[in-house]
Amino acid sequence: MHHPVIERELELRLVLSPERSICVPAKLSYRAADPYAVHVTFHTGTSSPVNWTFARELLVEGVFRACGHGDVRIWPTKVDGRSVLCMALSSPDGDALLEAPAQAVSTWLERTLRLVAPGTEAESLGLDDALAALLAPTPADDLWLRDPWPSDESADGEL
């Protein structure tokens, strides 16, 4: 079964202080096989990229209003006249505030929503079909459905 993937490379800004930020190349990925999640890979210049996964629904809401709590918080704002999406990420390794170009993220997000519409994620996982196949009766089930211990009562009613 083919599961489409929608990816987008873009430059994010890692905010180091109010006056200073650096570019961080990143890749947004959405997989129809994992329809509830978005994946962000940050290429930090080290041998292994940094990967984050969070709910697509969180990103959809974050385009319009501040949302999230804990490890991932997202909100729209303007920086120097540009519309950006701020992502505050927290982990045991540290915290990061990133700014993403709002239009690029929104365009990519719209593509994911056309691929798997909101509310249809469970259907694209095929859970109902898999569960039905798992619970379908098999010939061996007939053996288990029979009474393995015949009644102690005799056929003529004697004990």
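As shown above, the structure is provided for reference.
Heads up: these notes are all about the structure in this document. (Residues numbered from 1 in each chain as written. Predicted model: local features only at pLDDT ≥ 70, side-chain atom pairs only at ≥ 80, totals over all residues. Heavy atoms only, no water.)

## Overview of the overall build of the protein
Logical step 1: When its secondary structure is counted, the protein shows five helices and eight strands.
Logical step 2: Going from the N terminus to the C terminus, the protein shows its helices and strands as β-β-β-β-α-β-β-β-β-α-α-α-α.
Logical step 3: Burial analysis of the protein (159 residues in total) assigns 27% to the buried set.
Logical step 4: In the protein, 34% of the contacts between residues at least 6 apart in sequence involve partners at least 24 apart.
Logical step 5: Accessible surface, the protein: about 10,800 Å² in total, of which carbon and sulfur atoms supply 56%. (Helix = DSSP H or I, 4+ residues; strand = E, 2+ residues; numbered from the N terminus. Buried < 20%, exposed > 50% of the residue type's maximum accessible area, 1.4 Å probe, protein only. Contact = heavy atoms within 4.5 Å. Areas by Shrake-Rupley, 256 points an atom, 1.4 Å probe, with all protein chains shown as cover.)

## Some words on the nonpolar core
Logical step 1: One finds L12, F42, F54, L59, I74 and W108 to be the most contacted residues of the largest nonpolar core, which totals 28 residues.
Logical step 2: With residues near it in sequence (within four places) discarded, W108 still touches I6, E7, R8, L28, S29, Y30, V38 and L59. (Core = buried A, V, L, I, M, F, W, Y, C linked by side-chain atoms within 4.5 Å.)

## Concerning the pattern of salt bridges
Logical step 1: Here the structure, examined in full by the defined rule, presents three salt bridges.
Logical step 2: Its salt-bridge partner being E99, residue R82 comes within 3.9 Å of it at the nearest N-O pair. In this pair, R82 sits in strand β7 (residues 82-91) while E99 sits in strand β8 (residues 94-101), placing the two residues 17 residues apart along the sequence.
Logical step 3: Given the relative accessible area of 11%, E99 is considered buried. (Salt bridge = Lys/Arg side-chain N within 4 Å of Asp/Glu carboxyl O.)

## Topic: the side chain of S29
Logical step 1: Mapped onto the elements of the fold, S29 is located in strand β2 (residues 20-31).
Logical step 2: Engagement of the side chain of S29 in a polar contact is seen with the side chain of E7, the distance being 3.4 Å.
Logical step 3: The contact partners of S29, leaving out residues within four places of it in the chain, are I6, E7, V38, H39 and W108. (Polar contact = N/O pair within 3.5 Å; in protein donor to acceptor, adjacent residues only side chain to side chain.)

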